[in-house]
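Inside the fold
Below are the chains, spelled out letter by letter.
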Amino acid sequence: LLVIPLMVENNLQSLADKVIVVDVDEKTQIERTRLRDKVNTAQVKAIIESQANRQERLAIADYVIKNNTRNHKLLPQVAELHQIFLEICKTNRQK
């Protein structure tokens, strides 16, 4: 398991067999970043503009976790992916 926040920007997707992108709409991303980092909207937008855009991140994704809502909505998505990866591991071991 690799956690690479700037995977697209550094063209590192070839390091992984599967890519999971945690996706959030821009409005939510701006608001969360403003609150977390205590910065203004213009600063957040400048950060976002310096990174790969949402479409570029989604284009490399094998799986997407939608993170537009509260944390309790994330757990079922993560649990589902966990089961998928357990099956992939099981299949690979049997080969």
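Now for a description of the structure that goes with this document. (Residues numbered from 1 in each chain as written. Predicted model: local features only at pLDDT ≥ 70, side-chain atom pairs only at ≥ 80, totals over all residues. Heavy atoms only, no water.)

It is worth spelling out the pattern of salt bridges at this point. With the rule as written, the count across this model stands at three salt bridges. Residue Asp23 is joined to Arg54 by a salt bridge in which the shortest nitrogen-to-oxygen separation is 2.7 Å. Placement of Asp23 in strand S1 (residues 20–23) and of Arg54 in helix H3 (residues 54–59) is noted, with a sequence separation of 31 residues between them. Where Glu31 meets Arg34, a salt bridge forms, and the shortest distance between an N and an O atom there is 3.3 Å. Here Glu31 and its partner Arg34 are both found in helix H1 (residues 26–37), three residues apart, which amounts to about one turn of the helix. Residue Glu31 is classed as partly exposed on the basis of its relative accessible area, which comes to 35%. (Salt bridge = Lys/Arg side-chain N within 4 Å of Asp/Glu carboxyl O. Helix = DSSP H or I, 4+ residues; strand = E, 2+ residues; numbered from the N terminus. Buried < 20%, exposed > 50% of the residue type's maximum accessible area, 1.4 Å probe, protein only.)

It is worth spelling out the packing of aromatic side chains at this point. By the definition in use, this model includes one aromatic pair. Centroid distance Tyr63 to Phe85: 5.3 Å. Interplanar angle 80°. Geometry classified as edge-to-face. Of the two residues, Tyr63 is situated in strand S2 (residues 63–66) and Phe85 in helix H4 (residues 74–94); the sequence distance between them amounts to 22 residues. The exposure class of Phe85 is partly exposed, given its relative accessible area of 24%. (Phe/Tyr/Trp six-rings, centres within 6.5 Å; stacked < 30°, edge-to-face > 60°.)

This brings us to the pairing of S1. Across the two faces of S1 the burial differs, with Val21 and Asp23 buried and Ile20 and Val22 not buried at all. In this sheet, S2 lies alongside S1 in parallel orientation, the contact comprising four bridges. Looking at S2, one finds that Val21 is bridged to Val64. (Pairing = 2+ DSSP bridges.)

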